[in-house]
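# Reading the structure
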Amino acid sequence: MIHWIILKPGQGFSINVRFFYNPKPCNVISKEPAGRYTLSNYGHEKNCTFTVIYPVNIKLLGMVVGTKLMPGVSRQMETENRILRECEKRGYRDWVEIKSGYPDSLDPTFMTSFWKLCGYALDPKNMNFPLPCGISSVRLVSSGVYVNSVEFDFENLADSEMTVYKPKMCPES
């Protein structure tokens, strides 16, 4: 959004806008209330965030975060092929953070963090995360030591779920 004040009638201004091709987007705001997305750090030290401006349910489809995936090896990671919670408290430097907050800000630092996950799972079962507070984010925190990736579906949170989760999870605005 551009705001400009024209001080004299007839005086104008011009704007030059250029869009750069970005084959590896890291921070994304979705205008869609449902879809599928994959966040990845591509092996770099950077934090990536996917934000949607609706209350949604996040369904985790697969993740490799904070571990090395080595094909053909039965024990592929330190965390024994599972997803761990509270990774930051356990000393891990890479994790996926699932957050929600009111539409005061799109900045995830002002949102409440409900889950911090790390580990390895290509087809996790029953990994659904309701986010009822208005703005919802999936944030990938990466140290650059690993190639981290998380794939998820997101869809509008049903009214029945809003009734259940909103009073428990969303602070009064």
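Our structure's up above, just so we're on the same page.
In this report, we go over the structure that sits alongside the text. (Residues numbered from 1 in each chain as written. Predicted model: local features only at pLDDT ≥ 70, side-chain atom pairs only at ≥ 80, totals over all residues. Heavy atoms only, no water.)

This brings us to the environment of Pro-55. Position of Pro-55 relative to the elements: it lies in the loop between β3 (48-52) and β4 (56-65). Owing to a relative accessible area of 24%, Pro-55 belongs among the partly exposed residues under this scheme. With 77 residues separating them in the primary sequence, Pro-55 and Pro-132 have C-alpha atoms 4.6 Å apart. Discounting chain neighbours no more than four positions away, the residues touching Pro-55 are Leu-131, Pro-132, Gly-134, Ser-136, Glu-155, Asn-156, Leu-157 and Met-162. (Helix = DSSP H or I, 4+ residues; strand = E, 2+ residues; numbered from the N terminus. Buried < 20%, exposed > 50% of the residue type's maximum accessible area, 1.4 Å probe, protein only. Contact = heavy atoms within 4.5 Å.)

Turning our attention to the pairing of strand β1 (residues 27-30). Across the two faces of β1 the burial differs, with Val-28 and Ser-30 buried and Asn-27 and Ile-29 not buried at all. Looking at chain direction, β1 and β3 are connected through 4 bridges and run parallel. Across the sheet, residue Val-28 finds its bridge partner in β3, namely Phe-50. (Pairing = 2+ DSSP bridges.)

Here the focus is the environment of Met-63. Here Met-63 shows up in strand β4. When near neighbours in sequence (up to four residues on either side) are disregarded, Met-63 contacts Ile-83, Val-96, Leu-117, Cys-118, Gly-119, Tyr-120, Ala-121, Ser-149 and Val-150.

Leu-39, Phe-50, Ile-58, Val-96, Leu-117, Phe-129 and Phe-152 are the most contacted members of the largest nonpolar core, which has 30 residues in total. Going through the elements one at a time, β2 (35-40), β3, β4, β6 (95-101), β7 (112-121), β8 (128-131), β9 (135-141) and β10 (149-156) are the ones with two or more residues in this core. The leading source of residues in this core is β4, at 5 residues. With near-sequence residues (within four places) excluded, Val-96 lies in contact with Met-63, Val-65, Trp-115, Lys-116, Leu-117, Val-138, Arg-139, Leu-140 and Val-150. (Core = buried A, V, L, I, M, F, W, Y, C linked by side-chain atoms within 4.5 Å.)

For the structure shown, the criterion picks out 6 aromatic pairs. Pairing Tyr-37 with Phe-152 gives two aromatic rings, centres 6.5 Å apart and planes at 50°, and the pair type is tilted. Of this pair, Tyr-37 sits in strand β2 while Phe-152 is found in strand β10, placing the two residues 115 residues apart along the sequence. Residue Tyr-37 is classed as buried on the basis of its relative accessible area of 18%. According to the relative accessible area criterion, Phe-152 is buried, its value standing at 1%. Centroid distance Phe-114 to Trp-115: 5.8 Å. Interplanar angle 50°. Geometry classified as tilted. Judged by relative accessible area, Phe-114 falls into the partly exposed class, the value being 21%. Exposure remark for Trp-115: the relative accessible area of 18% places this residue in the buried category. (Phe/Tyr/Trp six-rings, centres within 6.5 Å; stacked < 30°, edge-to-face > 60°.)

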